[in-house]
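Okay, here's what each chain looks like letter by letter:
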Amino acid sequence: MRISGTIRSMTRSSVAVLALVALTLALVPGLSRAAVFSPQTATLDNGMQVVLVENHRAPVVTHMVWYKVGSADEPQGVSGIAHFLEHLMFKGTDKVAPGDFSKIVARNGGNDNAFTSWDYTGYFQNIARDRLDLVMKMEADRMTNLKLSDDVVLPERDVIIEERRSRIDTSPGALLGEQMRASLYMAHPYGRSIIGWRHEMEKLSTEDALEFYRDWYAPNNAILVVAGDITMDELLPMAEKYYGVIPRGKDMTRDRVQEPVQHAPRKVTMRDPQVGQASWSRYYLAPSYNTDAADAAPLDVLSEIIGSGTTSRFFKALVVDQEIASSVGTFYDPVAVDLASFGVYAVPRGDVDLADLEKAVEAEIAKVVSDGVTQDELDRAKQKLLDSAVFARDSLSAGARVLGQSLAVGLTVDQVESWPDRISAVTVDQVNEAAKRVFDANKSVTGWLMPPEGGPVTGAGAALPITSGEGVH
C-alpha cells in the first residue's frame, strides 16, 4: 500500500497508487479487532450517507462528495459523458459564477479538484476547519442547481477533446492500455475509455450532460466523507443544513452488460516512434471484492509477494538473477463493482528481445502456479501490508479517499475496517489456489509496446500501458 502525496496533483499514475491503497484496505465482511480508520457514520433522511474520520492533528479538513456513477454507467453512444459532466460541474450556478468555485476555495487558502473513474465520480476540497461551512455550501449548491447552456458546454467539450489528445492520443503507453482494456473486457463497459472515444466525445451535447446530471446527481446516490479536525456532533448539523434539504432523487441502478465466458488469449502489439524502450504487459480478468471476496484477499497478498518492489520474487528472478529485465512488477485493482484485473508488466534490459522476456515472465508465472508461494513469503508480505495500515492512518486524506472509493463501489465500512484481521487470516493454500485461478491464459490480454521496426527512435524511455486511471478535472 502506498499513499500519494497530494490529491490536487493527481495524475493517472497517482490514481493507480490510490487504487492500490483502496484495494489493500477494503476486504470481505466481518467485524474487526484492529480498526483502520475508525470512522463514524450517519445517514440523512434523503438517503445521503455521511462518513467522518476524525484527525485533530491540525485545524484542517478534507471534504469529499462521491457519486456512485462512473464511465461504466454511461448510455451507449455517449462515452465520456461522466468525465465531461465532472468538468461542467465547475461551470456555475445562480450563486457561483462559472469558474469561481475553485477561485473561492483558493482565496480561502484551500485547494480542490475532481476525478472520474469507471465506478464513481468524486469532488473534494482541502481547507481550514473554519472554512468547511463555505465549501459544503458550494458543493451542495452545485449538486442540484447546476446551470448549463451551449455557451459554456461546447467550449468545454473542446477542452476534454484536447485532454484526450494530450493524455491519450499522443501517449503510446496510454493508447496501448486503452486497447488492452477494450480487449480484456469483451462486453463489459470497463473496456470503455473513461475519457471517452473521440468520435462520441465530439457529439456530446448540453442535453446529454443535463440528462446524466438529473439521473445520477442526487443525495441518495452520493456519499459525503469528511476527514480532519471536526466531530460528528459538529459535522452532522452542518450536513443536515446544506445537504439534508436537497430532495431525494430517483433511485438509479447500475444496469451493466456482464462479461461472457472467454475462451482464448488475446494480444495487442503497438509500434510508435515515441517509444524509446520496449515494454511488455499482461492483464488477466480477476475477481473483485464484490464478485469473489474469498479470492480477492489472497490475490492482494500474491501481488505483494511476486511483484511489489525490489524485494519481490519476480524482481529477484528477472532483474537480479537472470538480468533479463530492468524492471518488473504486478498490479491488482479489486475495488470495483464488477470484475477486476490482475496484471504483470516488465521492461527488457538492454537489447533483450520481448519474446525472450515474455518467455521468462511466463516461466515465473508457471512456477507460481505449479509450486506456489512459501510460508516465509506469505509471512513477510502480510507483515508489510499490516505495517502499511499504520502509515495510512497518518494521512489526513487517505481515510476519506479509501472509504469514499470503497463505499462508492458497494463495499461497507466494516469491510474496510476489517482489513487487518482479514489479511492476517490469509493462508498459503488460499494464495496458491487463487493464483491457479487467476493465471488463466484464456482470460488474458498481452501487450507489446515497441519502437518502429527499423525506424527512428525519439522517445526517452519505456512507455508502460496504463493499468488504472481516472479522468481528472
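Residue numbering note: each chain is counted from 1, following its sequence as written. Where local features are concerned, this predicted model is filtered to residues with pLDDT of at least 70; where side-chain atom pairs are given and counted, the filter is 80 or more; whole-chain, interface and lining totals use all residues. Hydrogens and water are ignored here; the side-chain numbers use all heavy atoms of the structure.

### Description of the overall build of the protein chain
Logical step 1: Within the protein chain, the regular secondary structure consists of 17 helices and 12 strands.
Logical step 2: A buried classification covers 59% of the 473 residues belonging to the protein chain.
Logical step 3: Pairs at least 24 apart in sequence give 84% of the contacts found in the protein chain among residues at least 6 apart.
Logical step 4: Note on areas: these come from Shrake-Rupley sampling with a 1.4 Å probe, and a residue is covered only by the protein chains present in the view. As displayed, the protein chain offers around 18200 Å² of accessible surface, 50% of which is attributable to carbon and sulfur atoms. Helix and strand definitions here come from DSSP, where helices need a minimum of 4 consecutive H or I residues and strands a minimum of 2 consecutive E residues; each element is numbered from the N-terminal end. Using a 1.4 Å probe on the protein chains alone, a residue whose accessible area is under 20% of its type maximum counts as buried, one over 50% counts as exposed, and one in between counts as partly exposed. Note on contacts: a residue pair qualifies if any of its non-hydrogen atoms lie within 4.5 Å across the two residues.

### A few points about the pairing of strand β7 (residues 266-271)
Logical step 1: Only one face of β7 is covered, namely the one carrying R266, V268 and M270; the face carrying K267, T269 and R271 has none of its residues buried.
Logical step 2: Bridging between β7 and strand β11 (residues 444-450) involves 6 bridges; their strand directions are parallel. For R271, the partnering residue across the bridge sits in β11 and is M450. One requirement defines pairing of two strands: DSSP has to find at least two bridges between them.

### Examining the packing of aromatic side chains
Logical step 1: Two rings from Phe, Tyr or Trp (for Trp, the six-membered ring) form a pair when their centres sit within 6.5 Å of each other. Planes less than 30 degrees apart are called stacked, planes more than 60 degrees apart edge-to-face, and all others tilted. Applying the stated rule across the entire model yields 16 aromatic pairs.
Logical step 2: Taken together, a centroid distance of 6.5 Å and an interplanar angle of 45° make the contact between F90 and Y123 tilted. Here F90, found in the loop between α2 (81-88) and α3 (100-107), pairs with Y123, found in strand β5 (residues 121-128); they are 33 residues apart in sequence, far enough to count as distant. Each member of the pair, F90 as well as Y123, carries the same accessibility label: buried.
Logical step 3: Each member of the aromatic cluster is reached from another via a ring pair, and the members are Y67, F90, F101, Y123, Y213 and Y217.
Logical step 4: The side chain of K267 reaches across the aromatic face of W448, ending 3.5 Å from its centre. Distance and angle both matter: a charge sits over a ring if NZ of Lys or CZ of Arg is within 6 Å of the ring centre and within 35 degrees of the ring normal.

### Concerning the sheet that holds β7
Logical step 1: The strand order across the open sheet built from 5 strands is β7-β11-β8-β10-β9, with neighbouring strands paired in mixed fashion. Each edge of the open sheet carries a strand with a single partner, namely β7 and β9 (325-332). The sheet shows a mean angle of 10° between the axes of neighbouring strands, direction not considered.
Logical step 2: Strand contacts of helix α6 (residues 172-184): β7, β8 (279-286), β10 (340-348) and β11, with the helix running at about 160° to β11, the strand carrying the most contacts.
Logical step 3: Across the sheet, helix α10 (residues 293-307) touches β8, β9 and β10, and the angle it forms with β9 is around 170°. Orientation is described by axes fitted as lines to C-alpha atoms, over the contacting stretch for helices, and by angles from 0 to 180 degrees between their N-to-C directions.

### A look at the environment of V53
Logical step 1: Within the secondary structure layout, V53 lies in strand β2 (residues 49-54).
Logical step 2: Owing to a relative accessible area of 8%, V53 belongs among the buried residues under this scheme.
Logical step 3: Residues V53 and A400 lie 347 residues apart in sequence; the distance between their C-alpha atoms is 7.0 Å.
Logical step 4: Setting aside its immediate chain neighbours within four residues, V53 contacts F37, P39, V226, A227, G228, G399 and L403.

### Points about the packing of helix α5 (residues 150-169) against α6
Logical step 1: Taken N-terminus to C-terminus, the directions of α5 and α6 make an angle of 95°; their axes are 7 Å apart at the nearest point. It follows from the interaxial angle that α5 and α6 lie roughly perpendicular. When α5 is examined against α6, the residues R164, R167, I168 and D169 are found in contact with a partner set consisting of A174, L175 and E178. Angles below 35 degrees are treated as roughly parallel, those above 145 as roughly antiparallel, those between 65 and 115 as roughly perpendicular, and all remaining angles as oblique.

### Quick look at the pattern of salt bridges
Logical step 1: Salt bridge, as used here, is a side-chain nitrogen of Lys or Arg placed within 4 Å of a carboxyl oxygen of Asp or Glu. Summed over the entire model, instances satisfying the criterion amount to 29 salt bridges.
Logical step 2: Across the pair E364 and K367 runs a salt bridge whose closest N-O atoms are separated by 3.3 Å. Highlighted residues: E364 and K367, both in helix α12 (residues 354-371), separated by 3 residues, approximately one helical turn.
Logical step 3: By sharing partners, the salt bridges in this structure join D73, D119, R254, R256 and D338 into a single network.

### Thoughts on the nonpolar core
For soluble globular proteins, nonpolar side chains are generally found buried alongside one another.
Logical step 1: What makes a nonpolar core is a set of buried Ala, Val, Leu, Ile, Met, Phe, Trp, Tyr and Cys residues whose side-chain atoms join them at distances within 4.5 Å. Among the nonpolar cores identified, the biggest contains 145 residues, and Y243, L302 and F439 are the most heavily contacted of them.
Logical step 2: The dominant element in this core, judged by the number of residues it contributes, is α10, at 7 residues.
Logical step 3: Setting aside anything within four residues of it in sequence, one finds Y243 in contact with L44, N46, M48, H63, V65, M136, E139, A140, M143 and L224.

### A word on α6
Logical step 1: One fewer than the residue count of a helix, multiplied by 1.5 Å, yields its expected span. Spanning 13 residues, α6 covers 18 Å between terminal C-alpha atoms, matching the ideal 18 Å at 1.5 Å per step.
Logical step 2: Within α6, 10 of the 13 residues are buried, which leaves it mostly tucked inside the rest of the structure.
Logical step 3: Taken together, the buried positions of α6 are occupied by P172, G173, A174, L175, L176, G177, E178, M180, R181 and L184.
Logical step 4: Next to the buried residues of α6 lie α5, β7, β8, β10 and β11.

### Let's talk about the side chain of T116
Logical step 1: Structurally, the position occupied by T116 is in strand β4 (residues 111-116).
Logical step 2: The definition of a polar contact used here is a pair of N or O atoms within 3.5 Å, where within protein one atom must be able to donate a hydrogen and the other to accept one, and adjacent residues in sequence count solely through side-chain atom pairs. Within the structure, T116 has its side chain in polar contact with the side chain of E86 (distance 2.5 Å).

### Topic: the confidence of the model for the protein chain
Logical step 1: Considering every residue of the protein chain, the mean pLDDT works out to 89; 89% of them sit at 70 or more.
Logical step 2: Residue-level confidence of the predictor is what pLDDT reports, using numbers from 0 through 100. Note on residues 456-469: pLDDT under 50 across the span, and 53 contacts to partners over four residues away in sequence or across chains.

### Observations concerning the packing of α2 against helix α8 (residues 206-216)
Logical step 1: Contact geometry of α2 with α8 gives a least axis separation of 10 Å together with a crossing angle of 90°. Considered as vectors, α2 and α8 are oriented roughly perpendicular to each other. Residue-level inspection shows I81, A82, L85 and L88 of α2 in contact with α8, the latter providing D208, A209, F212 and Y213.
Logical step 2: Residues are grouped as follows: nonpolar covers Ala, Val, Leu, Ile, Met, Phe, Trp, Tyr, Cys and Pro; charged covers Asp, Glu, Lys and Arg; every other residue, Gly included, is treated as polar. Residues of the contact of α2 with α8, tallied by class, amount to 7 nonpolar, no polar and 1 charged.

### Comments concerning the environment of L411
Logical step 1: Tracing the backbone shows L411 in the loop between α14 (398-408) and α15 (413-417).
Logical step 2: Counting along the chain gives 122 residues from L411 to Y289, while the straight-line C-alpha distance between them is 7.9 Å.

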